[in-house]
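Observations on the three-dimensional arrangement
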Amino acid sequence: MLYIMMKRSQIYLPMEQWRLLGALSRQERLSVSELIRRAIARIYKGQEADFEKALRQAAGLWKDREDLPPAQAYVRGLRRGGRISRLYRGHA
């Protein structure tokens, strides 16, 4: 017997979708979970999650934002003050 490792998940569906899945479940004699798994497999067949590709696409996403302060000024503002010295006081 083949065992497939699964991860439990919780989703929120509008009542109309929930009723439709319930009716299809009875009609097809399949669990709602199985109907959802099959729909996901059908829609996303052949696609793979590519973390590196997503990271490259996200690079520079905020570069032209006018509503944000320059990154360098923001980081310097975070580093301003004596927080680090207070954290490490007496740990020398």
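1. A short note on the overall build of the protein chain
Regarding its fold elements, the protein chain presents 5 helices and 0 strands. Ordered by position from the N terminus, the helices and strands of the protein chain form the series α-α-α-α-α. The C-alpha atoms of the protein chain give 25 Å as radius of gyration, which overshoots the globular expectation for 92 residues (12 Å, by more than 25%). Along the three orthogonal principal directions, the C-alpha set of the protein chain runs to about 65 × 40 × 30 Å. Expressed as a percentage of its 92 residues, the buried residues of the protein chain come to 5%. By element, 56% of the accessible surface of the protein chain is carried by carbon and sulfur atoms, the whole surface being about 9900 Å². Seen as two clouds, the 19 positive and the 9 negative side-chain charges of the protein chain have centres 9 Å apart.

2. Digging into helix 3 (residues 51-58)
Along helix 3, only 0 of the 8 residues are buried, which leaves the element largely exposed. The positive-phi residue at the C-terminal boundary of helix 3 is glycine 60, with phi of around 80°.

3. Concerning the layout of surface pockets
Put simply, the largest pocket is a space of about 430 Å³. Surrounding the largest pocket, 13 residues form its lining, Ser9, Gln10, Ile11, Ser33 and Ile36 being those nearest its centre. Broken down by element, the residue count for the lining of the largest pocket peaks at 5 residues, all from helix 2 (residues 32-43). Looking at the lining of the largest pocket, its residues break down into 7 nonpolar, 3 polar and 3 charged.

4. Details of the pattern of salt bridges
A full pass over the atoms with the stated rule returns 3 salt bridges. Arginine 37 is the partner of glutamate 34 in a salt bridge, and the nearest nitrogen-oxygen pair spans 2.9 Å. Pair noted here: glutamate 34 and arginine 37 are both in helix 2, with a separation of 3 residues, about one helical turn. Taking relative accessible area as the criterion, arginine 37 reaches 36% and is therefore assigned partly exposed. For arginine 38, the salt bridge goes to glutamate 34, with nearest N and O atoms at 2.8 Å. In this pair, arginine 38 and glutamate 34 both sit in helix 2, 4 residues apart, roughly one turn of the helix. In this structure, a network of salt bridges that share partners links the residues Glu34, Arg37 and Arg38.

About the thresholds
- Residues numbered from 1 in each chain as written.
- Predicted model: local features only at pLDDT ≥ 70, side-chain atom pairs only at ≥ 80, totals over all residues.
- Heavy atoms only, no water.
- Helix = DSSP H or I, 4+ residues; strand = E, 2+ residues; numbered from the N terminus.
- Rg over C-alpha atoms; globule rule 2.2 N^0.38 Å.
- Buried < 20%, exposed > 50% of the residue type's maximum accessible area, 1.4 Å probe, protein only.
- Areas by Shrake-Rupley, 256 points an atom, 1.4 Å probe, with all protein chains shown as cover.
- Lys, Arg positive; Asp, Glu negative; His and termini not counted.
- Charge placed at Lys NZ, Arg CZ, Asp CG, Glu CD.
- 1 Å grid on protein atoms, 1.4 Å probe; cavity = no way out; pocket = protein on both sides within 12 Å on 5 of 7 lines; lining within 4 Å.
- Points joined across faces, edges and corners; volume = space filled by probe spheres on them.
- Nonpolar A, V, L, I, M, F, W, Y, C, P; charged D, E, K, R; others polar.
- Salt bridge = Lys/Arg side-chain N within 4 Å of Asp/Glu carboxyl O.

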